[in-house]
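# Descriptive analysis of the structure
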Amino acid sequence: MKKTTIKDIAKEANVSIATVSYILNNVKTQSISDETRVKVLKIAQQLKYVTNRTAQSLKIKKTGLIGIILFKEEKQHLWSDLKYAKTIFKLEQLCSELGYHVLFMQIDSMTPSNKIIMERNLDGAFLINVDQDRFSTISNYFGFGVPVFVMDSYIDNSLFHKVLPDFEKSFHLSQRLLGESPQFLVMDSYNNVEFVEFIQQKSNLSEDQIYVSDNTASSMNTFLSQFPDSPGIVMNEFLANEVYNTHKNITAICTCNCSEILRDGMNKIMFDLNDFKEIVRMMDRYIQDVDYVNNEKFFFLSTHS
């Protein structure tokens, strides 16, 4: 098969060969629009362009740094700081085992700052709970060939890997534990609207049977009052404990990986954090091997009760 050249990329992107070279080599002295930069990088990946091993400016100069970037929500809950604590801990542990240093940062929805990403040469990055708009902006700051995995986010771009809980199996298992079809779903809010819609679709419940938490106890109680003594599903252990005060016949889907905080006797479904081992190894293979390609863009965390 003919090897892709920067001439091929330039032709496809309708830009000059020099422009492609500046972008792929991350030349800072040239004024190139973000739109053109993203367009060229996407085409380079789609055409499976591989830089010359003796002239790789981005992949040879490895820093040994992997970023874990958490996008905070505009409406914080009391338990928001604990929501991803175990996920972050597991990712850091697995990255450290492979010899990487982890740079963890939080990006506030009200005062976002991408400065730290621009200042650090990350070998790879995990983006957690990122919305489509901020993803489009922040992805510009990662150099060509830097693997980016998004978590709890449904990014409509086939170039990036998505790591998601297997909600389809979770909902089937929840119904089995309840012994009947659930009549309502109480779920956590997320920055990524497409991710929320993806969950709602997998639940097979109508819009009026689903409540997305807005951090207001009164509105959740009003919603629940429509389903007295009805079976239901609650995503997020902290929310499940609140719902359990009035509705005992529920199954909790442990999206925070904190099943130990649930009330005794509550049905629960958990995800296997050990699944992250293969995901981190995949990140490592991308970093170490410029020729490595994995066409599978969705990774679903396995579930069990």
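Attention here is on the structure that accompanies the text. This is a predicted model, so every value here is computed, not measured.

What follows concerns the overall build of the chain. Helices and strands together make up the secondary structure of the chain, namely eleven helices and twelve strands. Per-residue burial over the chain gives 50% buried out of 305 residues. Sequence separation of 24 or more characterises 65% of the internal contacts of the chain that already satisfy a separation of 6 or more. Accessible surface, the chain as shown: approximately 15,300 Å² in total, 48% of it carbon and sulfur.

In the structure shown here, the tally under the stated rule is 15 aromatic pairs. When the ring of Phe-298 is compared with that of Phe-300, the centres are 6.1 Å apart and the planes differ by 10°; the resulting orientation is stacked. Judged by relative accessible area, Phe-298 falls into the partly exposed class, the value being 26%. Looking at Phe-300, the relative accessible area reads 39%, which means it is partly exposed.

Take the nonpolar core next. Inside soluble globular proteins, nonpolar side chains tend to come together where they are buried. Core analysis: the largest hydrophobic core is formed by 42 residues, its most contacted members being Phe-126, Met-235 and Phe-276. Top contributing element to this core by residue count: helix H11 (residues 276-288), with seven residues. Looking at this core, you find at least three residues from each of domain 2 (62-164 + 274-304) and domain 3 (167-272). Beyond its immediate stretch of four places on either side in the chain, Phe-126 contacts Ile-66, Gly-67, Ile-68, Ile-69, Leu-91, Cys-95, Phe-149, Met-151, Ile-279, Val-280 and Met-283. Residues Phe-184, Tyr-211, Phe-223 and Leu-239 belong to the second largest nonpolar core, which totals 22 residues.

Reading the values: rules and limits
- Residues numbered from 1 in each chain as written.
- Predicted model: local features only at pLDDT ≥ 70, side-chain atom pairs only at ≥ 80, totals over all residues.
- Heavy atoms only, no water.
- Helix = DSSP H or I, 4+ residues; strand = E, 2+ residues; numbered from the N terminus.
- Buried < 20%, exposed > 50% of the residue type's maximum accessible area, 1.4 Å probe, protein only.
- Contact = heavy atoms within 4.5 Å.
- Areas by Shrake-Rupley, 256 points an atom, 1.4 Å probe, with all protein chains shown as cover.
- Phe/Tyr/Trp six-rings, centres within 6.5 Å; stacked < 30°, edge-to-face > 60°.
- Core = buried A, V, L, I, M, F, W, Y, C linked by side-chain atoms within 4.5 Å.
- Domains from an automatic or database assignment.

Read these as spatial facts, not as claims about activity.
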